[in-house]
There are 2 protein chains.
Amino acid sequence: MPAAPSFTPASWPVRTLRKVRDTVDTMASSSPSRLFLTALFLVIAVFTALLSLPVATAKHVVTPFYDALFTATSAVTVTGLTTVNSGEHWSQFGLVVIMVAMFVGGLGVVTLASILALAVSRRLGLRGKLLTQQAMAADDDGRLGEVGTLLRIIITTTTTIQLALAVLLIPAFYVADHTLGEAFFHGSFYAISSFNNGGFVSHPDGLAGFESNPFIVVPIMIGVFVGSLGFPVLMVLLTLRHKFRKWSLHAKLTIGVSLILTVVGAVVLGGLEWNNQATMGHLSVWDKILHSFFASVNTRSGGFSLVDQNELHPATMLITDALMFAGGGSVSTAGGIKVTTIAVLFLAMAAEARGDSDIRTFGRRIPDGTMRVALSVVVLGATLVALGAALLLWISEESLDRVLFETISAFATCGLSVGLSAELPPAGKYVLVALMFAGRVGTITLAAALSARQRETRYHFPEERPIIG
Amino acid sequence: MPAAPSFTPASWPVRTLRKVRDTVDTMASSSPSRLFLTALFLVIAVFTALLSLPVATAKHVVTPFYDALFTATSAVTVTGLTTVNSGEHWSQFGLVVIMVAMFVGGLGVVTLASILALAVSRRLGLRGKLLTQQAMAADDDGRLGEVGTLLRIIITTTTTIQLALAVLLIPAFYVADHTLGEAFFHGSFYAISSFNNGGFVSHPDGLAGFESNPFIVVPIMIGVFVGSLGFPVLMVLLTLRHKFRKWSLHAKLTIGVSLILTVVGAVVLGGLEWNNQATMGHLSVWDKILHSFFASVNTRSGGFSLVDQNELHPATMLITDALMFAGGGSVSTAGGIKVTTIAVLFLAMAAEARGDSDIRTFGRRIPDGTMRVALSVVVLGATLVALGAALLLWISEESLDRVLFETISAFATCGLSVGLSAELPPAGKYVLVALMFAGRVGTITLAAALSARQRETRYHFPEERPIIG
Ligand SMILES: [K+]
Ligand SMILES: [K+]
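Criteria and thresholds
Residues numbered from 1 in each chain as written. Chains lettered and ligands numbered in written order. Predicted model: local features only at pLDDT ≥ 70, side-chain atom pairs only at ≥ 80, totals over all residues. Heavy atoms only, no water. Helix = DSSP H or I, 4+ residues; strand = E, 2+ residues; numbered from the N terminus. Buried < 20%, exposed > 50% of the residue type's maximum accessible area, 1.4 Å probe, protein only. Areas by Shrake-Rupley, 256 points an atom, 1.4 Å probe, with all protein chains shown as cover. Donors = N, O, S within 2.8 Å, 3.2 Å for Na, K, Ca; no water. Tetrahedral: all angles 85-135°; square planar, octahedral: opposite > 155°, others 65-115°. Expected span 1.5 Å × (residues − 1). Axes fitted to C-alpha atoms, helices over the stretch in contact; angles between N-to-C directions. Parallel < 35°, antiparallel > 145°, perpendicular 65-115°, else oblique. Left-handed = near helix turned anticlockwise from the far one by under 90°. Contact = heavy atoms within 4.5 Å. Nonpolar A, V, L, I, M, F, W, Y, C, P; charged D, E, K, R; others polar. Phe/Tyr/Trp six-rings, centres within 6.5 Å; stacked < 30°, edge-to-face > 60°. Lys NZ or Arg CZ within 6 Å of the ring centre and 35° of its normal. Salt bridge = Lys/Arg side-chain N within 4 Å of Asp/Glu carboxyl O. Patch = residues over 30% accessible without salt bridge, like charges linked within 9 Å, V, L, I, M, F, W, Y side chains within 5 Å. Lys, Arg positive; Asp, Glu negative; His and termini not counted. pLDDT = per-residue confidence, 0-100. Core = buried A, V, L, I, M, F, W, Y, C linked by side-chain atoms within 4.5 Å.

A. Structural detail: the overall build of chain A. A count of helical and extended segments in chain A gives 18 helices and two strands. Taken across its 469 residues, chain A has 58% of its residues classed as buried. Summed over its atoms, the accessible surface of chain A is roughly 18,800 Å², and 68% of this surface lies on carbon and sulfur atoms.

Next up, the structure:
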């Protein structure tokens, strides 16, 4: 016999909040992708409006719509591409708006991607691989609802890390000839911008003035790297720490591929630019190594740079394109096709080379469906980049080197820039806005939609193999 | 009880020939990939030597080694890239050497790819999907051995088609102000060059002089298209004709994707160049349409062009890059990653979007192993192109537009050129030689090696899915 429902007295604000909570919970479980798209769209609209206010600019003028929309999209999608010089064009108020947009955008992306990943696990009837589910069991009085609980954990975790970064950066800026107020502002700005892989800078000349200051460069680099790993990996690291064998397969693959890409990227990018006087040729060996790692980490997709990206050798730009396209970890503020996507495809190839019918790694089997999702994400990414690049080539009459760099940076919400964003006519800026939006939501919602659909086929056609290659 | 061996009298030349036949047969069945690599290497060496002779050049000089090697590689791999103006630099003898190199190269590639495909079918215990096996049953007196029989069928089929093309082209050149001797030479040259997707031209200004002559342009276009379909598809068309339902899955996919790419390519390439006065802007509407289809067909991978590829809009170059990378049919003289590779990947994505665990098309199921082979071929191709482009950017200091175009053209043995091959220093020419060689043998031998290895796994690890996207 079911227990009789218990009535508790509740005032109307509590009831209203409960209704909002239930509506969001319902939407989150019934159509999380639509919730993601709607939320991102609304948030961008709000920040476009805020950045259009005269008070947001240093000269108290109204920013053209395309520049306000571009900056808002860039900040909310935590890309970091800019059509105006952030440190010059915007007022202190404008920069705070951007900082809040990055914080809200980063939080929103991670939360919504978590909800999507949860929805997929639930649909597939998987045991909770995302540790959030275990954490959520601890908060089971249901006050906040599922989304609320997830949000609370994410906010607690990410804010703590961002505070720690600010604690490192504020003294560093104070020592580097800033007043205490300036140090506090810039320290907070870069803490948020780095951990959220935001890529925005608050100095008119960016980080160039601190290129040899490890106390500023290193915390920013660490912030970007940690932020790019993604929430599920952070939870694994925070709860299981060095117990590597207990880590989820997702955490092992994400950290493994991230480290490989970072080291290989640093060696290749550093090697190509080693003697380039316009970039790192004039630095000491130690600074060259630091610059190489900084450049490599920021392709995954922090977007900060210590040197003028226009001065890079064309071969360096091509390698950077590839690294940006790869991107960071799933359910993070990083973009790109994601490192687990690459891991799954390479493991599938390795299985084929060994002659295995199963994709195996770390004592686990990855189902073929996951490989097909990975494949779809890569093809979607390559298609978006090719279409975007063709459109921008048509609009700008620029060379492919610069166009491809800016296109991939936008798609991968990376933010490294050769300055094309600022030079393009409005039509080109709208193309980049579309790429940032599609890059932010596209791979995540596609992967979730495909993963959630996997089902067994009841009857089979006879097998026939076309010739490949 | 086994039948007693029958002894027939045989003279020693017959016995020697039988020994050679048996050795080739043994090598073809035990390590066909090595046979492929060795044969291609030896044939290129012979033609490099021939082209190094003073008599091969118009001015009776010794061609530098890198140019002779480049031309020999380009002809034998039926690419069509050139470091010298073929119609000016080479003598009539030199052009005949190139013509023979294309004929031998085309024949060799198709034969060796057929042997590889046969070996894979045999290893997998498949019923003969390649019609050659049925055709070979008819020739079972064993005089020629397996390879000899295959070679006989391939020579008969392809020579017939090339003769038919020459019969169309010789009168067309005669009408177009050539002497009968010239018409015979050029007609034969373009018949071989087009059907083998060779891409070499025998006129100093290429086909530009005939850009509005449909009697020359159309047969060449048809030759390229038919040649790009591949031997298994030709056999299906010749034996089953319009009985579409009986076609092999391979033939259906090859022809389907080839037609789609050709039409979409023509529309996009034509649309982008419609008003470009430096390419087709000055032509009549009919000629523009003809040029669009000619350009589209030749990305699959004929390599002939009617206009200066340097004058193409950068967006057109990027679309051409993508079409060249796709390439033609398997077991053909065309290069690229091959149209069935693309078909399998898109069908895998479509299956995923429908939520099917099986990849199904035309009432057949394509095994997951085939998808992984396709994936491996794409990744190999993309890796070769990326490495090649990075190396050439480093060597040439050229823009990515031109470098990527020439790199993909070499990898896909396409032969469309922006002229970079001729401008590069020797180091760059060697890179392109390596790309042509790797592009010619790489995808075919990789796919064969992987396909032949597929086996069932006896035990399974527990399943775990990383998050994708
Ligand atoms: K970024
Ligand atoms: K060719």
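B. Structural context of the coordination of the potassium ion (ligand 2). All names here are of chain B. For the potassium ion (ligand 2), the full set of protein donor atoms is Val-78 (O), Thr-79 (O), Asn-197 (O), Ser-301 (O), Thr-413 (O) and Cys-414 (O), and the range of their distances to it is 2.4 to 2.9 Å. Of note is the potassium ion (ligand 2), whose six donor atoms meet at the metal with angles of 61 to 154° in an arrangement that counts as irregular. For the potassium ion (ligand 2), all donor residues lie on one chain, and their spacing in sequence is V-T-x117-N-x103-S-x111-T-C. Taken together, the residues Thr-79 in the loop between helix H3 (65–76) and helix H4 (86–89) and Thr-413 in the loop between helix H16 (400–411) and helix H17 (420–423) connect sequence positions 334 residues apart.

C. Representation of helix H14 (residues 339–354) of chain A in the model. All names here are of chain A. The terminal C-alpha atoms of H14 lie 22 Å apart, and with 16 residues this matches the ideal 22 Å at 1.5 Å per residue to within 8%. Across the 16 residues that make up H14, a large majority, 12, are buried. Val-339, Thr-340, Thr-341, Ile-342, Ala-343, Val-344, Leu-345, Leu-347, Ala-348, Met-349, Ala-351 and Glu-352 are the residues of H14 that are buried. One or two residues past the end of H14 sits Gly-355, with phi positive at roughly 85°.

D. Examining the coordination of the potassium ion (ligand 1) more closely. All names here are of chain A. Taken together, Val-78 (O), Thr-79 (O), Asn-197 (O), Ser-301 (O), Gly-302 (O), Thr-413 (O) and Cys-414 (O) make up the protein donors of the potassium ion (ligand 1), found 2.4 to 3.2 Å from the metal. When the donors of the potassium ion (ligand 1) are listed by position in the chain, the intervening gaps give V-T-x117-N-x103-S-G-x110-T-C. Here Val-78, found in the loop between helix H3 (65–76) and helix H4 (86–89), pairs with Gly-302, found in helix H12 (residues 285–302); they are 224 residues apart in sequence, far enough to count as distant. The two residues Val-78 and Gly-302 agree in class, both being buried.

E. Seen up close, the packing of helix H15 (residues 368–396) of chain A against helix H14 (residues 339–354) of chain B. With their axes 9 Å apart at the nearest point, H15 of chain A and H14 of chain B run at an angle of 115° to one another. As far as their axial angle goes, H14 of chain B and H15 of chain A are roughly perpendicular. The two elements H15 of chain A and H14 of chain B cross, and the hand of that crossing is left-handed. Taken together, the residues of H14 of chain B that come into contact with H15 of chain A (itself represented by Gly-369, Arg-372, Val-373, Leu-375, Ser-376 and Val-379 of chain A) are Leu-345, Phe-346, Ala-348, Met-349, Ala-351 and Glu-352 of chain B. Here the residues of the contact of H15 of chain A with H14 of chain B are counted per class, giving eight nonpolar, two polar and two charged.

F. Seen up close, the packing of aromatic side chains. As enumerated under the stated definition, the model contains 16 aromatic pairs over all chains in all. Where Phe-244 of chain B meets Phe-362 of chain B, the ring centres are 5.9 Å apart and the plane angle is 75°; that geometry is what we call edge-to-face. With a gap of 118 residues between them, Phe-244 of chain B in the loop between helix H10 (231–240) and helix H11 (249–273) and Phe-362 of chain B in the loop between strand E1 (359–361) and strand E2 (364–366) connect regions that are remote in the sequence. Phe-362 of chain B gets classed as partly exposed once you look at its relative accessible area, which sits at 43%. Taken together, the aromatic side chains of Phe-173, Phe-185, Phe-189, Tyr-190, Phe-210 and Phe-304 of chain A make up a single cluster linked through ring pairs. One Lys or Arg, Lys-252 of chain A, reaches over the ring of Phe-244 of chain A and ends 5.4 Å from the middle of that ring.

G. Highlighting the pattern of salt bridges. All names here are of chain A. Going through the model one piece at a time under the given rule, you end up with six salt bridges over all chains. Across the pair Asp-67 and Lys-429 runs a salt bridge whose closest N-O atoms are separated by 3.3 Å. Separated by 362 residues along the polypeptide, Asp-67 in helix H3 and Lys-429 in helix H18 (residues 426–453) bring together distant segments of the chain. Pair check on accessibility: Asp-67 and Lys-429 agree, each one buried.

H. Molecular detail of a nonpolar patch on the surface. Together, Ile-260, Val-263, Val-264, Val-267 and Val-268 of chain A give the surface a local cluster of nonpolar side chains, amounting to about 420 Å² of exposed area. For Val-268 of chain A, a relative accessible area of 31% translates into the label partly exposed.

I. Representation of the packing of H15 of chain A against helix H16 (residues 400–411) of chain A within the structure. All names here are of chain A. As a packed pair, H15 and H16 sit with axes 9 Å apart at the nearest point and diverge in direction by 135°. Relative to H16, the element H15 is oriented oblique. H15 and H16 meet at a crossing whose hand is right-handed. The residues of H16 that touch H15, namely those facing Gly-381, Leu-384, Val-385, Gly-388, Ala-389, Leu-392, Leu-393 and Ser-396, are Leu-400, Val-403, Leu-404, Thr-407, Ile-408 and Phe-411. Along the lines of polarity and charge, the residues of the contact of H15 with H16 split into 10 nonpolar, four polar and no charged.

J. How the structure looks around the side chain of Arg-300 of chain A. Residue and element names in this part refer to chain A. Mapped onto the elements of the fold, Arg-300 is located in helix H12. Buried and unpaired, Arg-300 has Asp-321 as its nearest opposite-charge partner, separated by 12 Å. In contact with Arg-300, not counting residues within four places along its chain, are Asn-197, Ser-228, Ser-258, Leu-261, Thr-262, Leu-323, Gly-327, Gly-328, Ala-334 and Val-339.

K. Spotlight on the confidence of the model for chain A. Residues and elements named next belong to chain A. Per-chain confidence: chain A averages 84 in pLDDT, with 88% of residues scoring 70 or above. Low pLDDT, under 50, characterises residues 1–6; the stretch is placed with zero contacts to residues that sit more than four places away or in other chains. Low pLDDT, under 50, characterises residues 127–132; the stretch is placed with 15 contacts to residues that sit more than four places away or in other chains.

L. Fine view of unusual backbone geometry. All names here are of chain A. Of note, Lys-338 is a non-glycine position whose phi angle comes to about 85°, a positive value. Among the structural elements, Lys-338 can be located in the loop between helix H13 (314–326) and H14. One non-glycine residue, Glu-397, lies in positive phi territory at about 60°. Counting through the fold element by element, Glu-397 comes out in the loop between H15 and H16. Residue class for Glu-397 comes out exposed when judged on its relative accessible area of 57%.

M. Region of the structure containing the environment of Pro-32 of chain A. All names here are of chain A. In this fold, Pro-32 is placed in helix H2 (residues 32–52). With relative accessibility at 9%, the residue Pro-32 sits in the buried group. C-alpha of Pro-32 to C-alpha of Ala-113: the two residues are 81 residues apart in sequence and 8.9 Å apart in space. Residues contacting Pro-32, with those up to four places away along its chain left out, are Met-27, Ile-115, Leu-116 and Ala-119.

N. The arrangement of the nonpolar core in detail. In this structure, Ile-98, Ile-220 and Leu-375 of chain A together with Ile-98, Ile-220 and Leu-375 of chain B are the most contacted members of the largest nonpolar core, which totals 269 residues. Beyond its immediate sequence surroundings of up to four residues, Leu-375 of chain B is in contact with Leu-345, Ala-348, Met-349, Met-371 and Leu-375 of chain A together with Leu-345 of chain B.

O. Structural context of the environment of Ala-172 of chain B. Residue and element names in this part refer to chain B. Mapping Ala-172 onto the fold places it in helix H7 (residues 145–175). Given the relative accessible area of 9%, Ala-172 is considered buried. The residues contacting Ala-172, other than those within four sequence positions of it, are Phe-215 and Ile-216.

P. Structural view of the environment of Gln-162 of chain A. Residues and elements named next belong to chain A. In this structure, Gln-162 sits in helix H7 (residues 145–175). Distance in space between the C-alpha atoms of Gln-162 and Ser-193 is 9.3 Å, their sequence separation being 31 residues. Apart from the residues within four sequence positions on either side, Gln-162 is in contact with Phe-103, Ala-191, Ile-192, Phe-195 and Asn-196.

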